Amino acid sequence: MDYKPFLDYINHYISLTEAEEALLLSKVIPRSYLKHQFIVQQGDVCKSANFIVSGCTKMFYMDADGQEHVVMFAIEDWWSSDLGSFITQSPADYNVQCLEPCEVIQFTYDNLEILYKELPKLERLFRKIVERAFVASQKRIIRNFSLSAKERYQIFRTTYPKIDQRVPQYMIASYLGITKEFLSKIKRELAKA
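The shown structure was predicted, so the numbers you read here are calculated from the model rather than taken from an experiment.

Student: Just checking my understanding: could you explain the overall build of the chain for this structure?
Tutor: Helix and strand content of the chain: 9 helices and 7 strands. Taking 16 Å as the expected radius of gyration for a compact globule of 193 residues, we find that the chain reaches 18 Å, a close match to that expectation. Seen through its principal axes, the chain has C-alpha atoms that stretch 55 × 35 × 30 Å. Burial status across the chain gives 38% buried among its 193 residues. Long-range pairs, those at least 24 residues apart, make up 69% of the contacts in the chain with a sequence separation of at least 6. In the chain, which carries 25 positive and 24 negative side-chain charges, the distance between the mean positions of the two groups comes to 8 Å.

Written out as structure tokens, the structure reads:
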């Protein structure tokens, strides 16, 4: 597996010496997943934080009626895990499933704790990751309360153009909290404009 995209991502936030990079790489696990394979399933404990080297995942939960609710997509240079489950090592609220074949770099909970002690600057990196995730989540909540479905779709399309082209429309509709039929109507309206 090519570790360069991963190391470039890390070095964007913190600077690592060659020895620190070697230590970091000794504690990560490269892993390949097939399309449709689960990285974590609802009810299981999330065992890893996953950096996406290639591929696309969706994070979703399944309600009591069997309805799927997409919460997040992740593509290259993003992280994909049930963060709450990973941090607390308690049962996951979400599923993480591969929408394409995926290459990921995984941190187990125990290895990450070791790295925090041996390489304290990694805590800064993960603090930044969690901060960004929190801000994105807060913005999404505000948008869901205050914007129309059409406005939410336009923001999604502008913010995540690579995802819009890689993910089935019914999943995007689920992410937006609308039906696939309503999304089709919005797309027709936008095409006419």
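Student: Would you mind showing me how to read the sheet that holds strand β1 (residues 29-33) here?
Tutor: Strand pairs in the sheet, formed through backbone hydrogen bonds, run parallel or antiparallel to each other. Strand order across the open sheet formed by 3 strands is β1-β7-β3, with antiparallel pairing between neighbours. Each having just a single partner strand, β1 and β3 (48-54) make up the two edges of the open sheet. Each strand axis lies, on average, 35° off the axis of its neighbour in the sheet, ignoring direction. Pairing geometry for β1 and strand β7 (residues 102-108), over 5 bridges, is antiparallel.

Student: Where do I start with the pattern of salt bridges in this structure?
Tutor: Should their charged atoms come close, side chains of opposite charge can pair. Tallying each qualifying case throughout the model produces 6 salt bridges. In this structure, D8 and K4 form a salt bridge, with 2.7 Å as the shortest nitrogen-oxygen distance. Taken together, the residues span about one helical turn, with D8 and K4 both in helix α1 (residues 4-13) at a distance of 4 residues. D8 gets classed as partly exposed once you look at its relative accessible area, which sits at 41%. Connected through shared salt-bridge partners, E76, E100 and R166 make up one network.

Student: How should I be thinking about unusual backbone geometry in this particular structure?
Tutor: Even without glycine at this site, H36 takes up a positive phi of about 80°. With respect to the element layout, H36 can be found in the loop between β1 and β2 (38-40). Judged by its relative accessible area of 51%, H36 falls in the exposed class. Phi is positive for D77, which is not a glycine, with a value near 70°. Mapping D77 onto the fold places it in the loop between β5 (68-74) and α3 (83-88).

Student: Where do I start with the packing of aromatic side chains in this structure?
Tutor: In this description, an aromatic ring pair is defined by two values, namely the gap between the centres and the angle between the planes. Within this structure, the stated rule accounts for 18 aromatic pairs. Ring geometry for Y9 against Y13: centres 5.3 Å apart, planes inclined by 55°, an arrangement best described as tilted. With a gap of 4 residues between them, Y9 and Y13 both fall in helix α1, about one helical turn apart. Each member of the pair, Y9 as well as Y13, carries the same accessibility label: buried.

Student: For this particular structure, what's the right way to read the nonpolar core?
Tutor: Soluble globular proteins: nonpolar side chains tend toward being buried together. Core analysis: the biggest nonpolar cluster contains 36 residues, and F6, L24, W79, F107, L122, L125 and F126 have the highest contact counts within it. In this view, F6 contacts L24, L25, V28, F51, W79, I105 and F107; residues no more than four positions away in its chain are not counted.

Student: Before we go on, may I ask you to explain the side chain of Q106 in this structure?
Tutor: Positionally, Q106 belongs in strand β7. A distance of 3.3 Å separates the side chain of Q106 from the side chain of S48, its partner in a polar contact. In this structure the side chain of Q106 is engaged in a polar contact, spanning 2.8 Å, whose partner is the side chain of N50. Q106 has contacts with K27, V28, I29, R31, Y33, I39, S48, A49 and N50, leaving out every residue within four places of it along the chain.

Rules used in this analysis
- Residues numbered from 1 in each chain as written.
- Predicted model: local features only at pLDDT ≥ 70, side-chain atom pairs only at ≥ 80, totals over all residues.
- Heavy atoms only, no water.
- Helix = DSSP H or I, 4+ residues; strand = E, 2+ residues; numbered from the N terminus.
- Rg over C-alpha atoms; globule rule 2.2 N^0.38 Å.
- Buried < 20%, exposed > 50% of the residue type's maximum accessible area, 1.4 Å probe, protein only.
- Contact = heavy atoms within 4.5 Å.
- Lys, Arg positive; Asp, Glu negative; His and termini not counted.
- Charge placed at Lys NZ, Arg CZ, Asp CG, Glu CD.
- Pairing = 2+ DSSP bridges.
- Axes fitted to C-alpha atoms, helices over the stretch in contact; angles between N-to-C directions.
- Salt bridge = Lys/Arg side-chain N within 4 Å of Asp/Glu carboxyl O.
- Phe/Tyr/Trp six-rings, centres within 6.5 Å; stacked < 30°, edge-to-face > 60°.
- Core = buried A, V, L, I, M, F, W, Y, C linked by side-chain atoms within 4.5 Å.
- Polar contact = N/O pair within 3.5 Å; in protein donor to acceptor, adjacent residues only side chain to side chain.

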